[in-house]
Amino acid sequence: MTTSVLIVDDHDLFRAGVRGTLPDDIEVLGEASEVAPAIELIIERRPQVVLLDVHMPDGGGLAVLSSVRASLGDDAPVFLALSASDAPDDVVALIRAGARGYVTKTISIPDLAAALRQVAAGEAVFSPRLAGFVLDAFSSVEIEGIDPELDQLTDREREVLRHIARGYTYREVGEELFISIKTVESHVSSVLRKLQLSNRHELTKWAHERGI
Amino acid sequence: MASERGGIYELNDLERTLGRIVLGYRGVVVTWVVLLVLVAGTGDAADFDRPWVPWTEVGVIVLWFAFTVWLWGRKGDALTSWWFLALDVSVAVGVLLASWIAGGQNIPLAGGYPLSAVAMAVFAVGGPGALISAGFLLGAALVRRVVLLSDSSLAGLISDVASWVFPAVLFAWATGVIRTSDRRRQRSEHALADERSERVRIEERAEVAAHLHDSVLQTLALIQRSSSDSDEVTTLARRQERELRSWLFGAETLGLGGSLVSALRSVADGVEEKAKVKVELVSVGDVSMSEAVESLTRAAREAVSNAAQHGGVDVVDVYSEVDDERIVVFVRDRGAGFDPLDIPPDRAGVRESIVGRMQRSGGSAVIKSSPERGTEVILTLPVASEEVAIK
């Protein structure tokens, strides 16, 4: 089963490098380097996954993601965010807007392929860096208006994220915590859901600054 | 400095205390003699042939006491000289025989004064002084008993001998015990201080060794590996020279930055540049720099360099986490792994630069390694009061 992908990145060399080296089961339907053409191309070609650069001129990945989801609604592809730099607010804003995962540009090609397959299959993809961002966002204590269902991570979720931040794969996290890989995935999905739905101060502040 | 101040300040604490006790006792007995003279040496009951003698006695001992106190304050060591001791014993003998000289039969005019001369001698020259002055006073007492009182009974003689020799021996023994134990205490304090400075020296040496291992030995290893590439060798050598110079002569300028995360960032950049691997740094929370945090950073750098060099990997994951109680840094690679118990003794890296360094800073290091799972080094440091959490 192949996974169809569209690459949105303003860095020509990166696009070419990824496209040329991805394994055969990943089909690249097209690529775009600017926001407006990217939106048109996604709506036209309907890939399963959009590999989306966070930082681009004219609103960046967030503008692409918001427009596409606004036009296609539930039929929109899944988005895997990608960036070279470390601005956590940009990344978290993209996740809150609906991206299913985040990887850094230093990721190896096999790992990138695995991440693309994973998001296509509906899983969340947490790079160590995203795990760190999320732990950070949920770490500061807030007494008022806490919704424990949404605004706090469970100890188990926190433990899973800490292992991911340490560089463990889902499989290794499962072995380390004596749980199945499915359980690890469900913890991660739950964290992603909380991240998207929580009204925590830090998260709303980011969202507000990004105009969500 | 001490010699300029003079007097009691030339003496140590114990000698000053002993001197004060002896002088205090002397003050009490002088008062006693003055009262004796006022009560017994005057009035109807006093039937002295030479009534000026009691008054002279009072005058002499009061002046002598004043002189002694003055001497004590100005030239403390004069109290230990033989001339002073001879004069002091002479005064005491005079006091002992005062009522005989005055011609007043058995009216006591001595009080406890003569015994204070024995105490003074013990203080000044120890046991021998005590026996000599007690001998003089005993002689005077015997002369008084036999000649003045015409009492040559054995009981009287024994009583005199006992009342002079026993106190002398007792004083000398007690002072000797106190002085000996004080000397022993001082010796053990010196030994303790020596031991402490020795330990500091050893720790400093270990710190220097660890630093040299991290910097110079690591670079030499890299040079050996890339000895065919002369440009690379030159670059490595130049960088090492710069680093070593700044460590030796400048303020500690390893570019460690002002916080844990910025320091770890420098470490990651440094290793990436040197060893050509990707260091993936993830941080949750941050703290300001302190000595302990700096040691933690150095241990982390050692762990990252090791992973980059020996792990045979492209990526090293570093995760740092700060909460209210502790700072934890995880360094992980998926490389070859090794047995932590199987490190050769000459490889100081893990033992000294990581484990030893963390222990010296009050933290700990745990190393998990296996061929299948690679290596993870876990460095933990309790948060100290001088470290400020950075939000």
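Counting of residues starts from 1 at the beginning of each chain's written sequence and follows it residue by residue. The lettering of chains begins at A and the numbering of ligands begins at 1, in the order of writing. Thresholds applied to this predicted model are a pLDDT of at least 70 for local features of residues and 80 or more for the giving and counting of side-chain atom pairs; totals over whole chains, interfaces and linings are not thresholded and use all residues.

*Asks:* What is the right way to look at the overall build of chain A in this model?
*Replies:* Each helix and strand in chain A was counted, giving 11 helices and 6 strands. Expressed as a percentage of its 212 residues, the buried residues of chain A come to 44%. Contact definition: two residues whose C-beta atoms, as placed from backbone geometry, lie within 7 Å. Taking as baseline every contact in chain A between residues at least 6 positions apart, the subset at least 24 positions apart corresponds to 66%. In this description a helix means any DSSP run of H or I spanning at least four residues, a strand means any run of E spanning at least two, and both kinds are numbered starting from the N terminus. Whether a residue is buried, exposed or partly exposed follows from its count of other C-beta atoms within 10 Å of its own C-beta, namely 20 or more, 12 or fewer, or something in between, respectively; the C-beta atoms are built from the backbone.

*Asks:* Even after reading the chapter, I still don't get the overall build of chain B, so can you show me in this structure?
*Replies:* Each helix and strand counted, chain B has 11 helices and 7 strands in total. The contacts in chain B between residues at least 6 apart in sequence include a share of 72% that link residues at least 24 apart.

*Asks:* Any chance you could explain the sheet that holds strand β5 (residues 364-370) of chain B here in plain terms?
*Replies:* Picture the strands of a sheet paired through backbone hydrogen bonds; they go either parallel or antiparallel. Residue and element names in this part refer to chain B. An order of β1-β3-β4-β6-β5 is seen for the 5 strands of this open sheet, with the pairing classed as mixed. Every interior strand has two partners, whereas the edge strands, β1 (278-284) and β5, have only one. Averaged over all pairs of adjacent strands, the angle between strand axes in this sheet comes to 10°, irrespective of strand direction. Here, a strand pair is defined by DSSP locating no fewer than two bridges between the strands. To obtain an axis, a line is fitted to C-alpha atoms, over the contacting stretch when the element is a helix, and the angle between two such axes runs from 0 to 180 degrees between their N-to-C directions.

*Asks:* Looking at this structure, I do not really get the interface of chain B and chain A. What am I missing?
*Replies:* It is common to give the size of an interface as the accessible area that goes away when the parts come together. Residue-level contacts link 10 residues of chain B with 11 residues of chain A. Mapped onto the side of chain B that touches chain A, the elements with two or more residues apiece are β1, β3 (315-322) and β4 (326-333) of chain B. If one sorts the elements of the side of chain B that touches chain A by residue count, β1 of chain B sits on top with 5 residues. Only Asp, Glu, Lys and Arg are considered charged in this grouping, and only Ala, Val, Leu, Ile, Met, Phe, Trp, Tyr, Cys and Pro are considered nonpolar; every other residue, Gly among them, is considered polar. The residue inventory of the side of chain B that touches chain A, partitioned by class, reads 4 nonpolar, 2 polar and 4 charged.

*Asks:* I would appreciate a short explanation of the nonpolar core in the present structure.
*Replies:* Among soluble globular proteins, nonpolar side chains are generally buried collectively. A set of buried Ala, Val, Leu, Ile, Met, Phe, Trp, Tyr and Cys residues, joined to one another through C-beta atoms within 7 Å, is what we call a nonpolar core. Counting residues in each nonpolar core, the largest one holds 102 residues, and the members touching the most others are Leu52, Leu80, Ala81 and Leu116 of chain A together with Ala300, Val304 and Val318 of chain B. The leading source of residues in this core is helix α10 (residues 291-310) of chain B, at 9 residues. Membership of the second largest hydrophobic core comes to 45 residues, among which are Val58, Val95, Ala98 and Phe136 of chain B.

*Asks:* Looking at this structure, I do not really get the environment of Gly356 of chain B. What am I missing?
*Replies:* Residues and elements named next belong to chain B. Assignment of secondary structure puts Gly356 in helix α11 (residues 348-360). Of the residues examined, Gly356 has 19 C-beta atoms within 10 Å and is grouped as partly exposed. For Gly356, the residues in contact, after removing those within four places along its chain, are Ala206 and Arg351.

*Asks:* How should I be thinking about helix α2 (residues 35-45) of chain A in this particular structure?
*Replies:* Each α-helix winds once per 3.6 residues, and so residues spaced three or four apart point in a common direction. Residue and element names in this part refer to chain A. Looking only at α2, the buried set comprises Ala38, Ile39 and Ile42. The arc enclosing the buried residues of α2, seen along the axis, measures out at 100°, which places them on a common side. Exposed and facing more than 90 degrees away from the buried side of α2 are Glu40 and Glu44. Read the arc as the range of directions from the helix axis to the C-beta atoms.

*Asks:* Can you walk me through the pairing of strand β5 (residues 101-104) of chain A in this structure?
*Replies:* All names here are of chain A. Sheet topology note: the strand β4 (residues 78-83)/β5 ladder contains 4 bridges and is parallel. In the strand pairing of β5, Leu80 is matched with Gly101. Of the pairings in the sheet, the one linking β5 to strand β6 (residues 125-126) comprises 2 bridges and is parallel in character. Counted as the bridge partner of Gly101 is Val125 from β6. When the strands point away from the viewer and the path from the first strand over the helix to the second turns clockwise, the crossover is right-handed. In terms of handedness, the path from β5 via helix α5 (residues 109-120) over to β6 forms a crossover that is left-handed.

*Asks:* I keep staring at the sheet that holds β6 of chain A and nothing clicks. Help me out?
*Replies:* In spatial order, the strands read β2-β1-β3-β4-β5-β6 (chain A); together these 6 strands make up an open sheet with parallel pairing. Whereas interior strands pair on both sides, the edge strands pair on one side only; in this sheet they are β2 (26-32) and β6 of chain A.

*Asks:* I keep staring at unusual backbone geometry and nothing clicks. Help me out?
*Replies:* Keep in mind that most residues, glycine aside, have a negative phi and that most peptide bonds are trans. All names here are of chain A. In this structure, Arg46 takes a positive phi of about 50° despite not being glycine. In this fold, Arg46 is placed in the loop between α2 and β3 (49-53). Judged by the 14 C-beta atoms lying within 10 Å of it, Arg46 falls in the partly exposed class. Positive phi, normally seen in glycine, also occurs at Phe178, with a value near 55°. The topology assignment puts Phe178 in the loop between α9 (170-177) and α10 (181-197).

*Asks:* Got a minute to help me understand the packing of helix α8 (residues 155-165) of chain A against α10 of chain A in this structure?
*Replies:* Two quantities define a packed helix pair, namely the angle between the helix axes and the distance between the axes. Residue and element names in this part refer to chain A. Interhelical geometry of α8 versus α10 gives an angle of 100° and a closest axis separation of 10 Å. Judged by the inter-axis angle, α8 sits roughly perpendicular to α10. Every residue of α10 that contacts α8 at Arg156, Glu157, Val160 and Leu161 is listed here: Val184, His187, Val188, Ser190 and Val191. What sets the label is the angle itself: under 35 degrees gives roughly parallel, over 145 gives roughly antiparallel, 65 to 115 gives roughly perpendicular, and the rest give oblique.

*Asks:* Please explain the environment of Gln218 of chain B as it appears in this structure.
*Replies:* Examined against the element boundaries, Gln218 of chain B turns out to sit in helix α7 (residues 154-225). On a C-alpha basis, the gap between Gln218 of chain B and Lys274 of chain B in space is 10.0 Å, while along the polypeptide they are 56 residues apart.

*Asks:* Can you walk me through the pairing of β4 of chain A in this structure?
*Replies:* Each regular strand displays side chains that alternate between the two surfaces of the sheet. All names here are of chain A. Extensive coverage of β4 is indicated by the burial of 6 of its 6 residues. Side chains Val78, Leu80 and Leu82 project from β4 onto one buried face, and the interleaved Phe79, Ala81 and Ser83 project onto a second face that is buried too. Of the strand pairs in this sheet, β3 and β4 are connected by 5 bridges, and their pairing is parallel. Looking at β4, one finds that Leu51 is bridged to Leu80. Read as a crossover between parallel neighbours, the route from β3 over helix α3 (residues 60-72) to β4 is right-handed.

*Asks:* Is there a simple way to explain the environment of Ile26 of chain A in this structure?
*Replies:* Residues and elements named next belong to chain A. On the secondary structure map, Ile26 appears in strand β2. Sequence spacing of Ile26 and Ala113 is 87 residues, and the spatial spacing of their C-alpha atoms is 7.3 Å. In this structure Ile26 touches Thr2, Thr3, Val5, Ala113 and Leu116, once residues within four positions along its chain are discounted.

*Asks:* What is the right way to read the confidence of the model for chain B from this model?
*Replies:* In regions of low pLDDT, the predicted coordinates are not meant to be interpreted in detail. All names here are of chain B. pLDDT measures how confident the predictor is about each residue, on a scale from 0 to 100. Looking at chain B as a whole, its pLDDT mean stands at 81, while 87% of the residues score no less than 70. Low pLDDT, under 50, characterises residues 1-5; the predicted model gives this stretch 3 contacts beyond four residues in sequence or across chains. Taken together, the chains of this predicted complex give a pTM of 0.55 and an interface ipTM of 0.79.

*Asks:* In this structure, what is going on with the packing of α9 of chain A against α10 of chain A? I would like to understand it.
*Replies:* Residue and element names in this part refer to chain A. Interaxial distance between α9 and α10 falls to 8 Å at its minimum, and their mutual angle equals 110°. By the angle class used here, α9 and α10 are roughly perpendicular. Residues Tyr170, Arg171, Val173 and Gly174 of α9 touch α10, and the partners they reach there are Ile181, Thr183, Val184 and Glu185. Taken together, the residues that form the contact of α9 with α10 break down as 4 nonpolar, 2 polar and 2 charged.

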